[in-house]
Structures are given as C-alpha cells and as structure tokens.
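What follows is the residue order along each chain.
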Amino acid sequence: MVLLFVVQHACCQSIPLPVFSSSDVCQKVVSSAPETECEYTWWIHPQDSLVYAEGRVCDGLQEGWWAYDHLEGECYRVTGRFLEGKRTGLWQCFNADESVLVEGEYVSGQASGFWRLLEEDGGLKAEGWCSNGVKDDWWIEYLSDGSLQKGEYADNHKVGIWEKRSEDRLLSVKDWGQ
C-alpha cells in the first residue's frame, strides 16, 4: 500500500491526511458501543498489522482525537481533533523521530491561529498567523544563513514593509506594497 503524504512548507495550507476507502489494502476495523452513535475505527494493514489511522466516527463524521501513522513523506505521524467532521484545535505533523515539523490551529476545518514550521533538529523555519486557511498578519521566516525576515501577509501574499535582519543589524528592506 502506498500512501502519498506530503507537507508543503507553506504554513496555513491544510496538513493533508490520507483518505481510506473499501478498495484500499488496509482493513477497516470498527468497535461500537450499542448505547452511542459512535464507532471507534482503525485502518490496519493486513501484511504488517500496523495501525494507519484511528479515531471515532459519530453519525458518519470524524469526532474527537485522531491519529494517522506510518505515512510516507515528511510527515510520519499526524495528530489532531475533529469536531463534527471538521478539524479543530491544535494539529501536529511529526517526522519518524517523533520531532514536530508543523503545528497549527484549526477553527471549523480552516487553518486559523498561530502556526509554526520547524526544522528536523527542532529549529524554527517560520512562525506566524493564519486566517481562513491562508497566511494573514505577521510572520517571521528564519533563513538558512542565520538571518530572518519579518513582515506581514494579507490573503497569503506579502504586503507592506519586510525587513531582513541578522542579529541586531538591519540587512535589507523591501516594500511589497498593498
């Protein structure tokens, strides 16, 4: 079974999740309690018996905490919560060493709130704010040369004055306009 799972290093983009169907190699295992409308669901690969996804399904919608494991690509594990089938609260993407690579907030299924993108060693790549699934407001981007650039986004586009700094020195300024 091949699950394509790539985290694009554009914060506020949705952290993609695999989608399973009855035609997948994974087997769906369900445990339900007769007094509730919820089922606890696992997707298990029959050859290696590894759990690839687990969480509750209530009235046909994902609900509560979910985990997706053994994924291909940069994110090996993704965790977060659903409320009435929509992502909510903190979602995190981990590499195979269990280091956080991406973390951000969701509101009603949209990336909204504070987001961080990290290097494999835990160092910051970028951090800032999202609204309705796009970068919006202030961001700091940490560059590989040790400098950083900071400025504002509006509707996923750089706007206004952006500064590039190294320690306490201003290296450059660029005006992206409105």
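Residues numbered from 1 in each chain as written. Predicted model: local features only at pLDDT ≥ 70, side-chain atom pairs only at ≥ 80, totals over all residues. Heavy atoms only, no water.

(A) Summary view of the environment of Tyr106. For Tyr106, the location among the structural elements is in strand β7 (residues 100-107). The exposure class of Tyr106 is buried, given its relative accessible area of 2%. Along the chain, Tyr106 and Leu90 lie 16 residues apart, while their C-alpha atoms are 6.5 Å from each other. A polar atom in the side chain of Tyr106 sits 3.0 Å from the side chain of Arg87. (Helix = DSSP H or I, 4+ residues; strand = E, 2+ residues; numbered from the N terminus. Buried < 20%, exposed > 50% of the residue type's maximum accessible area, 1.4 Å probe, protein only. Polar contact = N/O pair within 3.5 Å; in protein donor to acceptor, adjacent residues only side chain to side chain.)

(B) Summary view of the pattern of salt bridges. Tallying each qualifying case throughout the model produces 5 salt bridges. Between Glu141 and Lys158 there is a salt bridge, with its nearest N and O atoms 3.7 Å apart. Remark: Lys158 occurs in strand β12 (residues 157-166) and Glu141 occurs in strand β10 (residues 134-142); sequence separation between them is 17 residues. You can call Lys158 partly exposed: its relative accessible area is 22%. (Salt bridge = Lys/Arg side-chain N within 4 Å of Asp/Glu carboxyl O.)

(C) Just a nonpolar patch on the surface, in detail. A contiguous nonpolar patch, built from Phe114, Trp129 and Trp138 and spanning about 330 Å² of accessible area, is present on the exposed surface. Topologically, Trp129 is positioned in strand β9 (residues 124-131). (Patch = residues over 30% accessible without salt bridge, like charges linked within 9 Å, V, L, I, M, F, W, Y side chains within 5 Å. Areas by Shrake-Rupley, 256 points an atom, 1.4 Å probe, with all protein chains shown as cover.)

(D) The nonpolar core, seen in detail. Judged by nonpolar contacts, the single largest core of 23 residues is most densely connected at Ile15, Tyr68, Val78 and Trp115. Elements supplying a minimum of two residues to this core: β3 (51-58), β4 (61-68), β5 (77-83), β6 (86-94), β7, β8 (110-118) and β9. (Core = buried A, V, L, I, M, F, W, Y, C linked by side-chain atoms within 4.5 Å.)

(E) Local environment of the packing of aromatic side chains. Using the criterion set out here, one finds 8 aromatic pairs in the structure. Note on Trp91 and Tyr106: the rings are 6.1 Å apart at their centroids and 70 degrees apart in plane angle, and the pair reads as edge-to-face. With a gap of 15 residues between them, Trp91 in strand β6 and Tyr106 in strand β7 connect regions that are remote in the sequence. Classification of Trp91 by relative accessible area gives buried; the value is 0%. Both rings, one in Phe114 and one in Trp129, keep their centres 5.3 Å apart while their planes meet at 65 degrees; by these two values the pair is edge-to-face. Of this pair, Phe114 sits in strand β8 while Trp129 sits in strand β9; the two residues are 15 residues apart in sequence, bridging distant segments of the chain. For Phe114, a relative accessible area of 31% translates into the label partly exposed. Through a chain of ring-to-ring contacts, three or more aromatic side chains come together here, namely Trp66, Tyr68, Phe82, Trp91, Tyr106 and Trp115. (Phe/Tyr/Trp six-rings, centres within 6.5 Å; stacked < 30°, edge-to-face > 60°.)

(F) Quick peek at the pairing of β9. The pairing of β8 with β9 spans 6 bridges and is antiparallel. Considered in β9, the bridge of Phe114 is made with Trp129. The loop that links β8 with its antiparallel partner β9 comprises 5 residues; one of these, Gly122, has a positive phi angle of about 95 degrees. Pairing geometry for β9 and β10, over 5 bridges, is antiparallel. From the neighbouring strand, Ala126 faces β10, where its bridge partner is Glu141. Linking β9 back to β10 in an antiparallel pair, the connection comprises 2 residues, with Asn132 at a positive phi of about 50 degrees. (Pairing = 2+ DSSP bridges.)

(G) Up close: unusual backbone geometry. A positive phi angle, close to 55 degrees, is found at Asp155, a residue other than glycine. Tracing the backbone through its elements, the reader meets Asp155 in the loop between β11 (148-154) and β12. Taking relative accessible area as the criterion, Asp155 reaches 53% and is therefore assigned exposed.

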